[in-house]
Each structure stands twice: as structure tokens, then as C-alpha cells.
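Close look at the chain arrangement
Each chain is listed here by its residues.
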Amino acid sequence: MSIIDKALEANRSYAKKYDPGLGKPPAPKIAVVTCMDPRLSDLSGILGLPQADIDVIRTGGPAVTEDVLGELVVSTRVLGSREIMLLNHTGCGFTTFTDDELNARLAASTGDSSPAPMRFFSYKDPEQNTREQLKKVRAHPWIAKDVPVRGFVFDVETGLLKEIHAAAKHTAA
Ligand SMILES: [Zn+2]
């Protein structure tokens, strides 16, 4: 049986005990941008926050793309999130290749080089990645200045978060 078929079977039992109260409109308090990596899935546990309080935006890396910025704007301006957390991690799969390498590898392994090169947002250093994300999010005019934007690296060996500060250099607004 495929994993999805197993999941569908489990869902029928889940629905029997489902609390319809959970279907109310969400009222998130914080937006968290993190990696698709399964080790980042227990955000309630990692952050000690109720699942209902967290808007989770996940990409590989994570990468703060234009889409992610749009989701942060919606989370803070429309849904009510009051803080933004950028959550990187050690041991990320996206540090194990460069975009050029992976594009070349895929063209070779599939024998098809027709797709335009994909943007995977690979990177080398999670701390540097976090600093760049902080700058990018903070610079967006639709992210309100009174919404705190803070960046962290989750250590997959220890479970601890390390705060990363944007470079000290300030450009006057
Ligand atoms: Zn990752």
C-alpha cells in the first residue's frame, strides 16, 4: 500500500474524532518561516507555542522568495500575526549542492536538459543565510516596522536555537 493510501485510511479514523471547533477561522500570533526538513516539523515542541498560534511558511532552506514575502504580508496584515521568526537550521540538504551542480546533475541523470535551470536557493552557511533573510524581510515596505523580525538557527544535534543578528551596519531609512 502506498503511503498516501495508508494516510487516507488513517484520515477516516481521524475525522471520526475531529473537533469541528477547529474549523473556525485561524487567529495566528506569529509567522514562522522554516525549512521543509522534517526535523523542523514539531514547531509547537521546538517553540513551546500552541499549533494554532503559528502560521508556518515552509520552503527548502528556507528560502525567502517573493512568494514567502507575500505570505508574510498576508500573515501580518490580514491574519493578525504580530511577530516574524526566520528559522534556519544546521545540516540542511540545501547546503549540499549548488544550483548549478544540481541542475547539471538532473540534466545528466534524466537525460533531459530541456527545462530552464531551476532556482533551488542552495546556500552554504545558515547564519549568513539568516542575515540575508533578515535584511530582505526588514526592507520590505509592506512589512510593518513595528513587527519584530528575528532570525535563528536550529541546531539539529542539540535542539537549541541560536539567535542571528543582522549585520551591525545600518543604513539610515
Ligand atoms: Zn533545510
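See the structure above.
Overview of the structure.

Cut-offs used in this document
Residues numbered from 1 in each chain as written. Predicted model: local features only at pLDDT ≥ 70, side-chain atom pairs only at ≥ 80, totals over all residues. Heavy atoms only, no water. Helix = DSSP H or I, 4+ residues; strand = E, 2+ residues; numbered from the N terminus. Buried < 20%, exposed > 50% of the residue type's maximum accessible area, 1.4 Å probe, protein only. Contact = heavy atoms within 4.5 Å. Areas by Shrake-Rupley, 256 points an atom, 1.4 Å probe, with all protein chains shown as cover. Lys, Arg positive; Asp, Glu negative; His and termini not counted. Charge placed at Lys NZ, Arg CZ, Asp CG, Glu CD. Donors = N, O, S within 2.8 Å, 3.2 Å for Na, K, Ca; no water. Polar contact = N/O pair within 3.5 Å; in protein donor to acceptor, adjacent residues only side chain to side chain. Patch = residues over 30% accessible without salt bridge, like charges linked within 9 Å, V, L, I, M, F, W, Y side chains within 5 Å. Salt bridge = Lys/Arg side-chain N within 4 Å of Asp/Glu carboxyl O.

1. What to know about the overall build of the chain
Per the secondary structure count, the chain includes five helices and five strands. In terms of overall dimensions, the chain has C-alpha extents of about 50 × 50 × 35 Å along its principal axes. Burial analysis of the chain (173 residues in total) assigns 34% to the buried set. Restricting the contact set of the chain to residue pairs at least 6 apart, pairs at least 24 apart contribute 67%. Accessible surface for the chain amounts to roughly 11300 Å². Of this, 58% is attributable to carbon and sulfur atoms. Charge-centre separation for the chain: the mean point of 21 positive side chains lies 4 Å from the mean point of 22 negative side chains.

2. Some points on the coordination of the zinc ion
Six octahedral donors around a metal ideally make angles of 90 or 180 degrees; four tetrahedral donors ideally make 109.5 degrees. Coordination of the zinc ion by the protein is provided by Cys35 (SG), His89 (NE2) and Cys92 (SG), with metal-donor distances spanning 2.0 to 2.3 Å. Spacing between the donor residues of the zinc ion along their common chain follows C-x53-H-x2-C. For the residue pair His89 and Cys92, the accessibility class agrees, reading buried in each case.

3. A few points about the side chain of Asp55
Among the structural elements, Asp55 can be located in strand E2 (residues 54-59). Of note is the side chain of Asp55, whose polar atom sits 2.6 Å from the side chain of Ser75. Discounting chain neighbours no more than four positions away, the residues touching Asp55 are Pro28, Ile30, Ala31, Val32, Ser75, Leu79 and Ser81.

4. Observations concerning the environment of Thr90
Looking at where Thr90 falls in the secondary structure, it is placed in the loop between strand E3 (83-89) and helix H4 (99-110). As for Thr90 and Val153, which are separated by 63 residues in sequence, their C-alpha atoms are 6.8 Å apart. Apart from the residues lying within four places of it in its own chain, the contact partners of Thr90 are Arg39, Val153, Phe154, Asp155 and Val156.

5. Description of a nonpolar patch on the surface
On the surface, a cluster of nonpolar side chains totalling about 350 Å² of accessible area is made up of Tyr14, Tyr18 and Leu22. With respect to the secondary-structure elements, Tyr18 resides in the loop between helix H1 (3-16) and strand E1 (30-35).

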